Amino acid sequence: MKSRTKVVVIGGGIAGCSTLYHLTQEGWTDVVLVERDELTSGTTWHSAAQVTNFGANQTMVGLKTHSINLYKRLSEDPEYPINYHHADGGIRLANTEAQMQGYRHFSSMARGMDVDLEVIDAEECARRHPLISTENLLGGLWDPLDGDIDPAQLCQALAFHARKAGAEVYRNTPVTALTQHKDDTWTVHTKHGDIDCDIVVNACG
Ligand SMILES: Cc1cc2nc3c(=O)[nH]c(=O)nc-3n(C[C@H](O)[C@H](O)[C@H](O)COP(=O)(O)OP(=O)(O)OC[C@H]3O[C@@H](n4cnc5c(N)ncnc54)[C@H](O)[C@@H]3O)c2cc1C
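On a predicted model such as this, the values are computed, not experimentally measured, just so you know.

Enquirer: Any details on the domain arrangement of the chain? Residues and values, ideally.
Expert: Looking at the chain, the domain boundaries give domain 1 (1–46 + 152–205) and domain 2 (50–149). Computed from C-alpha atoms alone, the centre-to-centre distance between domain 1 and domain 2 is 32 Å. With eleven residues of domain 1 at the contact, the number on the domain 2 side is eleven residues. Among the residues domain 1 hides against domain 2, the three largest losses belong to Gln 153, Leu 154 and Phe 160. Together they make up 46% of the total. Applying the counting criterion to the domain 1 and domain 2 interface returns one salt bridge. Residue Lys 164 is joined to Glu 79 by a salt bridge in which the shortest nitrogen-to-oxygen separation is 2.7 Å. For the side of domain 1 that touches domain 2, the elements supplying multiple residues, two or more each, are helix H1 (14–25) and helix H5 (151–164).

As structure tokens, this is what we get:
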């Protein structure tokens, strides 16, 4: 295990693995992730794992578009393929006029970011998903890129590509304490020894 690195990411769920991956893609390769158990042994492995473009503001829509594009690329990587049901399509339902107005607002906001969310009426909801009852239904918001992914495989793939770029991952290594020094650097204390670093990312869920 390294005793000195630039960044220590604590926690090997989606937040930690994605942070580690993105740091390496930005050229920060002197980085490590420490996980107390196995990767994706926290909440991530049993998440619903819906992957949608829907977001309440443009920042969220942008982040989700980034995720969709990244997950598609990762799922198609022959070196480490993962299960991703991409663009099956999904509907958010509305049974009040206020919800319908919200969907019109979200779809026009998303259009400004080249994201295509479509407001549809109740009959069209039922046509696209035959199990939907139209009773009390006003309509819905159709997201053509909606899909789902295996979240555990996704974490492993992000860690795989981060490792390939130079990052190190220490499993079965609980963090027991943090010490911040006067020069703003840190010591991360783990069951298997200490790691000095400039930046700590707490992704413990
Ligand atoms: C593809 C995808 C789709 C999702 N879709 C949905 C959805 O449709 N609906 C929804 O509600 N949510 C969804 N989620 C979110 C999900 O339910 C969780 O909120 C999310 O996965 C939490 O991730 P996390 O990394 O913050 O936490 P966790 O997965 O819990 O990871 C934290 C990690 O930190 C480790 N840890 C804790 N303490 C220590 C320590 N002292 N030392 C070392 N390690 C430690 C834990 O062991 C754990 O592995 C989705 C997530 C993904 C990945």
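There's more to say after this.
Enquirer: Outline the sheet that holds strand S7 (residues 139–143), supporting the account with residue identities and numerical values.
Expert: Ordered in space as S5-S7-S6, the three strands form an open sheet in which the pairing is antiparallel. Of all strands in the sheet, those bounded by a partner on one side alone are strand S5 (90–94) and strand S6 (118–121). Across the sheet, the mean angle separating the axes of adjacent strands is 30° when strand polarity is ignored. In this fold helix H3 (residues 97–111) packs onto S5, S6 and S7, with an angle of close to 140° to the strand it touches most, S5.

Enquirer: Residue-level account of the nonpolar core, with values.
Expert: Proteins that are soluble and globular tend to have nonpolar side chains buried together. Formed by 27 residues in total, the largest nonpolar core has its most connected members in Val 9, Leu 20, Leu 33, Tyr 71, Ile 149, Leu 154 and Leu 158. If you list the elements that add at least two residues to this core, you get strand S1 (4–10), H1, strand S2 (31–34), helix H2 (58–75) and H5. A per-element tally of this core places H5 first, with six residues. Once residues lying within four places of it in the same chain are set aside, the contact partners of Tyr 71 are Ile 14, Val 51, Tyr 84, Ile 149 and Leu 154. Counting eleven residues, the second-largest nonpolar core is a separate cluster that includes Met 100, Tyr 103, Val 115 and Leu 117.

Enquirer: Break down the side chain of Thr 40 for me, citing the residues and quoting the values.
Expert: Mapped onto the secondary structure, Thr 40 falls in the loop between S2 and strand S3 (50–51). Take Thr 40: its relative accessible area is 8%, and that puts it in the buried class. With near-sequence residues (within four places) excluded, Thr 40 lies in contact with Gly 12, Trp 45, Pro 151, Ala 152, Cys 155 and Gln 156.

Enquirer: Give me the lowdown on the sheet that holds S2, citing residues and values where you can.
Expert: As summarised here, the arrangement of the six strands in space is S9-S2-S1-S12-S11-S10, forming an open sheet in which the pairing is mixed. Each edge of the open sheet carries a strand with a single partner, namely strand S9 (168–170) and strand S10 (175–180). On average, each strand axis in the sheet is tilted by 40° relative to the strand beside it, whichever way the strands run. For S10 and strand S11 (residues 186–190), the ladder comprises five bridges, and the chain directions are antiparallel. When the sheet's bridge partners are listed, Ala 177 is paired in S11 with His 189.

Enquirer: Before we move on, could you go through the pairing of S11 and cite the residues and values that matter?
Expert: Here S11 lies mainly inside the structure; four of its five residues are buried. The loop that links S10 with its antiparallel partner S11 comprises five residues; one of these, Asp 184, has a positive phi angle of about 70°. Bridging between S11 and strand S12 (residues 193–202) involves five bridges; their strand directions are antiparallel. Bridging from a neighbouring strand, Thr 190 pairs with Gly 193 of S12. Connecting the antiparallel pair S11 and S12 is a turn made up of two residues.

Enquirer: Outline the layout of surface pockets, listing residues and values.
Expert: When its volume is computed, the largest pocket comes out at roughly 440 Å³. As for the largest pocket, its lining consists of 21 residues, of which Ile 14, Gln 50, Ser 67, Tyr 71 and Leu 154 are closest to the centre. Contributions of two or more residues to the lining of the largest pocket are made by H1, S3, H2 and H5. Broken down by element, the lining of the largest pocket gets its largest block of residues, eight residues, from H2. Split by domain, the lining of the largest pocket shows at least three residues from each of two domains, domain 1 (1–46 + 152–205) and domain 2 (50–149). Computed from the structure, the second largest pocket encloses a volume of approximately 380 Å³.

Reading the values: the criteria
Residues numbered from 1 in each chain as written. Predicted model: local features only at pLDDT ≥ 70, side-chain atom pairs only at ≥ 80, totals over all residues. Heavy atoms only, no water. Domains from an automatic or database assignment. Contact = heavy atoms within 4.5 Å. Buried area = accessible area lost by both parts, 1.4 Å probe. Salt bridge = Lys/Arg side-chain N within 4 Å of Asp/Glu carboxyl O. Helix = DSSP H or I, 4+ residues; strand = E, 2+ residues; numbered from the N terminus. Pairing = 2+ DSSP bridges. Axes fitted to C-alpha atoms, helices over the stretch in contact; angles between N-to-C directions. Core = buried A, V, L, I, M, F, W, Y, C linked by side-chain atoms within 4.5 Å. Buried < 20%, exposed > 50% of the residue type's maximum accessible area, 1.4 Å probe, protein only. 1 Å grid on protein atoms, 1.4 Å probe; cavity = no way out; pocket = protein on both sides within 12 Å on 5 of 7 lines; lining within 4 Å. Points joined across faces, edges and corners; volume = space filled by probe spheres on them.

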